[in-house]
Amino acid sequence: MKDRTILHCDLNNFFASVSLLKHKELANKPVTVCGSTEERHGIVLAKNEAAKKFGVKTAEVTWQAKLKCPGLIVLPPEYDEYEKYSRAARSIYERYTDIIEPFGIDECWLDVTGSRLLFGSGEEIAYKIKETIKSELGCTISVGVSFNKVFAKLGSDMKKPDAVTVIPRENFMEIIGDLPLGDLLFAGRKTVEKLNRYGIVTINDITLCDDIMLKSILGINGVWLKRYAMGLDNSPVTPVSRDYMPKSVGRSVTPPADITDRETVWKIFIELSESVCRQLRQKGLAATGICVHTRTSGLEVKETSRSFKNGTNCSITLAEKAMELFDEVYRFGSPLRSVGLRAINLKPKDGIAIQSDLFGKDLYDEKNEVIEESIIKVRERFGNQYIKRCRTL
Ligand SMILES: [Mg+2]
């Protein structure tokens, strides 16, 4: 099979850069964009290079950042502007390919395999896009160029800002082998900690490990991580259209036997919400409401819903919200024939993710999402039965 050419484009310091386009006089001063102007709760959503030099970190509390950097300038977020620039960047990408998969508001994967004849090698296309973004939007991007999504993403993280990094098949291990495992997409903090205890520290380290050993440490996810490290990720760049937005996404189930206890409902909710959230993520949506549906063995139907402030497409969060609602309205007077849940009041995920960062909650959600993504990947390959969250076992 001929190799694919995948680009991962990442707008650098996205919020800070966009905000600074409006305040050019601040460009060389340390600037942050903070979620809430109230210092006690506000956290740093983004910082420019000057603020970075003072050790200011994303997600830290504003007053802590100010301790590190007394002259720090704090700007409020401007979500409409971010959305506008995100779309503008995307329309530049669209000049080179229509296979574009957004990853958050400021990152996209591009499959340019079919564009090479017209526009040159992946590296050449990367430079063209980078320069166009700079001249038309005034922002910088870093681009990773590789033969799969995981390495393209890794490449865009390796050099920033305003850089192109190529990770070719021929010698990728020379380039990435010594990087810490945590740099790899899907290698979360907990995973890395576990592997570090076994002396598995770098990307190269994990490729030398035995599958059985990895499985005993991390389950099947360990084997997948090794495959990613070996360059064997072959997941497609999945185009997501921003235009089509369903009103709600729901699932229900009628199990072979009536449901008589709460624990079973919980397990079902987790399964259902995983499926629902998967669809939400594919469409770049998040739910800001949940609807729970019950039908008793006497065929009495009840439906109840509630909206909430922080949008989510994280299945555990959604299942928890469904369970809360269920607990309030249902008392198991009679057994249940079927239950269902429905994600409602859907909104584009990007806007919501940023806003709920204010509450810190989304950091948890984000991690869960990454775990879920990897679970989904395994399921797609091997089918549902092979991997389940431990809570459903
Ligand atoms: Mg970025």
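For every chain, the first residue of the written sequence is number 1, and numbering continues from 1 along that sequence. pLDDT decides what is reported in this predicted model: residues at 70 or higher carry local features, side-chain atom pairs at 80 or more are listed and counted, and totals for whole chains, interfaces and linings draw on all residues regardless. Remark: hydrogens and water are excluded; side-chain values derive from all non-hydrogen atoms of the structure.

1. Examining helix H4 (residues 79-93)
We count a stretch as a helix when DSSP gives it H or I for four or more residues in a row; a strand needs E for two or more, and each element gets its number in order from the N terminus. The span one expects for a helix is its residue count, reduced by one, times 1.5 Å. The first and last C-alpha atoms of H4 sit 21 Å apart over 15 residues, in line with the 21 Å expected at 1.5 Å per residue. Here's how the labels work: a residue is buried when its accessible area is under 20% of the maximum for its type, exposed when over 50%, partly exposed in between, all with a 1.4 Å probe on protein chains only. Of all the positions in H4, only Tyr79, Glu81, Tyr82, Glu83, Tyr85, Ser86, Ala89, Arg90, Ile92 and Tyr93 are classed as buried.

2. Notes on the pattern of salt bridges
Where side chains of opposite charge bring their charged atoms close, a pairing between them can arise. Just to be clear on terms, a salt bridge is a Lys or Arg side-chain nitrogen sitting within 4 Å of an Asp or Glu carboxyl oxygen. Applying the stated criterion across every chain yields a total of 21 salt bridges. Of the charged contacts, one joins Glu83 and Arg87 as a salt bridge, the two residues approaching to 3.4 Å between their closest N and O atoms. Of this pair, Glu83 and Arg87 both sit in helix H4, four residues apart, roughly one helical turn. Bridged by salt links that share partners, the residues Asp10, Glu107, Lys153, Asp157 and Lys160 form one connected network.

3. Regarding the pairing of strand S6 (residues 107-111)
Counting buried residues in S6 gives five out of five residues, a clear majority hidden from the surface. Burial of S6 is two-sided: the residues Glu107, Trp109 and Asp111 facing one way and the residues Cys108 and Leu110 facing the other way are all buried. We call two strands paired when DSSP finds no fewer than two bridges between them. Of the pairings in the sheet, the one linking strand S1 (residues 6-11) to S6 comprises five bridges and is antiparallel in character. Within the sheet, the bridge partner assigned to Leu7 lies in S6 and is Leu110. Note: strand S5 (residues 100-102) against S6, three bridges, orientation antiparallel. Residue pairing across strands places Glu101 opposite Trp109, the latter belonging to S6. The turn joining S5 and S6, which pair antiparallel and follow one another in sequence, is formed by four residues; a positive phi near 75° is taken by Gly104.

4. Thoughts on the packing of helix H11 (residues 211-218) against helix H12 (residues 220-229)
At a closest axis distance of 6 Å, the pairing of H11 and H12 adopts a crossing angle of 125°. By the angle between their directions, the pair H11 and H12 is classed as oblique. Viewed along their axes, H11 and H12 form a crossing whose handedness is right-handed. Packed against H11, whose contacting residues are Asp211, Leu214, Lys215 and Leu218, the element H12 presents Ile220, Asn221, Gly222, Val223 and Lys226 at the interface. Angles shown run from 0 to 180 degrees and are taken between the N-to-C directions of axes, each axis being a line fitted to C-alpha atoms and, for helices, limited to the stretch in contact. The labels follow the angle: roughly parallel below 35 degrees, roughly antiparallel above 145, roughly perpendicular from 65 to 115, and oblique for the rest. Left-handed is the label given to a crossing in which the near helix is rotated counterclockwise from the far helix by less than a right angle, and right-handed is the label when the rotation is clockwise. Contacts are assigned to residue pairs with any non-hydrogen atoms lying within 4.5 Å of each other.

5. Some remarks on the packing of aromatic side chains
Each Phe, Tyr or Trp ring (for Trp, its six-membered ring) is paired with any other whose centre lies within 6.5 Å, and the angle between the two planes then decides the class: stacked below 30 degrees, edge-to-face above 60, tilted in between. If you walk through the whole model with that rule in mind, you get 12 aromatic pairs. When the centroid spacing of 5.7 Å and the interplanar angle of 55° are considered together, the rings of Phe147 and Phe172 count as tilted. Placement of the pair is Phe147 in the loop between strand S7 (141-146) and helix H7 (149-158) and Phe172 in helix H8 (residues 172-176), with a sequence separation of 25 residues. A relative accessible area of 6% means that Phe147 is categorised as buried. In this structure Phe172 comes out as buried when scored by relative accessible area, which is 12%. For the pair Phe151 and Phe172, a centre-to-centre distance of 5.1 Å together with 50° between the ring planes defines the contact as tilted.

6. Points about the side chain of Thr97
Topologically, Thr97 is positioned in the loop between H4 and S5. Take Thr97: its relative accessible area is 7%, and that puts it in the buried class. Reaching out from Thr97, the side chain makes a polar contact with the backbone nitrogen of Ile99 at a distance of 2.9 Å. Contacts of Thr97, omitting those with residues within four sequence positions, involve Leu110, Asp111, Val112 and Ser115. Counting of polar contacts relies on pairs of N or O atoms within 3.5 Å, with two restrictions inside protein: one atom must be capable of donating a hydrogen and the other of accepting it, and residues adjacent in sequence are counted only when both atoms are side-chain atoms.

7. Observations regarding the coordination of the magnesium ion
Taken together, the protein ligands of the magnesium ion are Asp10 (OD), Leu11 (O) and Asp106 (OD), with distances of 2.1 to 2.4 Å. Look at where the donors of the magnesium ion fall in the sequence and you get D-L-x94-D. Like Asp10, the residue Leu11 is buried in the burial classification. Metal donors were taken as nitrogen, oxygen and sulfur atoms no farther than 2.8 Å from the ion, or 3.2 Å where the ion is Na, K or Ca. Water is excluded, so coordination may look unfinished.

8. Observations concerning the side chain of Thr5
The residue Thr5 is located in the segment before S1 in this model. When near neighbours in sequence (up to four residues on either side) are disregarded, Thr5 contacts Leu110, Asp111, Val112, Thr113, Arg116, Gly122, Val145 and Ser146.

9. Examining the sheet that holds strand S9 (residues 249-253)
With antiparallel pairing, the four strands of this open sheet are ordered in space as S9-S12-S10-S11. Edge positions in the open sheet fall to S9 and strand S11 (301-312), since each of these has one partner strand only. On average, each strand axis in the sheet is inclined to that of its neighbour by 15°, with strand direction left out of account. With eight bridges joining them, strand S10 (residues 285-296) and S11 adopt antiparallel strand pairing. Looking across to S11, one finds that Val292 is bridged to Thr304. Seen against the sheet, helix H14 (residues 315-329) touches S10, S11 and strand S12 (336-348) and runs at an angle of roughly 140° to S11.

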